[in-house]
Amino acid sequence: MKVILNKDVKYLGEEGDVKNVADGYMRNYLQPRNLAVPYNDATIAMFESRKAEIEARKEQKRKDSASLKEKLEQLELVAVMPAGSNGKLYGAVTTHTVAELLQKAGHEIERKRIEIPGSTIKGVGKFKIIIKLYEAQTAEVPLTVKAQIEGKVVENDKPAAEKAEAAAPAADAPAAE
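Described in the following lines is the structure provided in the data block.

Here is what the cut-offs are and how they apply
- Residues numbered from 1 in each chain as written.
- Predicted model: local features only at pLDDT ≥ 70, side-chain atom pairs only at ≥ 80, totals over all residues.
- Heavy atoms only, no water.
- Helix = DSSP H or I, 4+ residues; strand = E, 2+ residues; numbered from the N terminus.
- Buried < 20%, exposed > 50% of the residue type's maximum accessible area, 1.4 Å probe, protein only.
- Contact = heavy atoms within 4.5 Å.
- Areas by Shrake-Rupley, 256 points an atom, 1.4 Å probe, with all protein chains shown as cover.
- 1 Å grid on protein atoms, 1.4 Å probe; cavity = no way out; pocket = protein on both sides within 12 Å on 5 of 7 lines; lining within 4 Å.
- Points joined across faces, edges and corners; volume = space filled by probe spheres on them.
- Nonpolar A, V, L, I, M, F, W, Y, C, P; charged D, E, K, R; others polar.
- Polar contact = N/O pair within 3.5 Å; in protein donor to acceptor, adjacent residues only side chain to side chain.
- Pairing = 2+ DSSP bridges.
- Axes fitted to C-alpha atoms, helices over the stretch in contact; angles between N-to-C directions.
- Salt bridge = Lys/Arg side-chain N within 4 Å of Asp/Glu carboxyl O.

**Things to note about the overall build of the chain**
Then step 1. Across its full length, the chain holds four helices and 10 strands.
Then step 2. Helices and strands appear in the chain in the N-to-C order β-β-α-β-α-β-β-α-β-β-β-β-β-α.
Then step 3. By residue count, 33% of the 177 residues in the chain fall in the buried class.
Then step 4. Look at the contacts in the chain between residues 6 or more apart in sequence, and 50% of them connect residues 24 or more apart.
Then step 5. Only carbon and sulfur atoms are counted for the fraction: they give 51% of the accessible area of the chain, which is about 11,300 Å².

**A look at the layout of surface pockets**
Then step 1. Approximately 600 Å³ is the volume attributed to the largest pocket.
Then step 2. For the largest pocket, the lining is made up of 18 residues, of which K10, R113, L133, Y134 and E135 are closest to its centre.
Then step 3. When the residues that make up the lining of the largest pocket are grouped by side-chain class, the tally is six nonpolar, two polar and 10 charged.
Then step 4. Estimates place the volume of the second largest pocket at around 210 Å³.
Then step 5. Lining the second largest pocket are 13 residues, with G16, F47, E48, K51 and I54 positioned closest to its centre.
Then step 6. Here the lining of the second largest pocket gets seven residues from one element, more than from any other, and that element is helix α2 (residues 41-74).
Then step 7. A per-class count over the lining of the second largest pocket returns six nonpolar, one polar and six charged.

**Focus on the environment of E108**
Then step 1. Turning to its location among the elements, E108 is positioned in the loop between α3 (95-104) and β6 (114-115).
Then step 2. A polar atom in the side chain of E108 sits 3.5 Å from the side chain of Q103.

**Concerning the sheet that holds strand β3 (residues 36-38)**
Then step 1. Ordered in space as β2-β1-β3, the three strands form an open sheet in which the pairing is antiparallel. This sheet does not close on itself; its edge strands, each paired only once, are β2 (18-20) and β3. For this sheet, the mean inter-axis angle between neighbouring strands, taken without regard to orientation, is 40°.
Then step 2. Against the sheet, α2 contacts β1 (2-5) and β3, and its axis sits at roughly 25° relative to β1.

**Some remarks on the pattern of salt bridges**
Then step 1. Scanning the model with the defined rule gives nine salt bridges in all.
Then step 2. A salt bridge links R57 to E15; the nearest nitrogen and oxygen atoms lie 2.2 Å apart. Of this pair, R57 sits in helix α2 while E15 sits in the loop between β1 and β2, and the two are 42 residues apart along the sequence.
Then step 3. With a relative accessible area of 10%, E15 lands in the buried category.
Then step 4. Notably, a salt bridge pairs E53 with R57, separated by 2.3 Å at the nearest N-O pair. Residue E53 and its partner R57 are both found in helix α2; the two are separated by four residues, about one turn of the helix.
Then step 5. By relative accessible area, E53 is classed as partly exposed at 43%.
Then step 6. A relative accessible area of 35% means that R57 is categorised as partly exposed.
Then step 7. Several salt bridges share partner residues, and in doing so they unite E15, R50, E53 and R57 into one network.

**Examining the environment of E110**
Then step 1. Along the polypeptide, E110 turns up in the loop between α3 and β6.
Then step 2. Note: C-alpha distance between E110 and H96 (14 residues apart in sequence) is 9.1 Å.

Here it is as structure tokens:
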């Protein structure tokens, strides 16, 4: 069944889009919630008169998305996670963790819109998180994962074991006279 969407419908389309949907989906979900109307001459005429208004809203969403992208890309997120001396995290940095960090920074982003390379981060280091914005726009947010070993935050990206190895040869070096 061909329908015109009255409002944005997640996973289906945006207001004013013409879509083909199953009859039952239209009858049982879209129509009772006033999310869509049947595609006919009367509804086409109604949406033609609202076309400029709909396009103005879409343009506003694009502008909001562009300004959000600039703000997000200026952020530098830091996650402090419990880790072992080798730099491997006891847990993992997930989309939930990133969403909480973004919320603390003042940005309300849905977890579904956050993409972590490899789905989770299980070690310390610097990473790029991708956040899906409006349409095809995305923002890359730098994330630094720091280890918390025995209650102390390790500032350097090197795990504690590598630091110990680097310090050991310096102590064994012959003293200059």
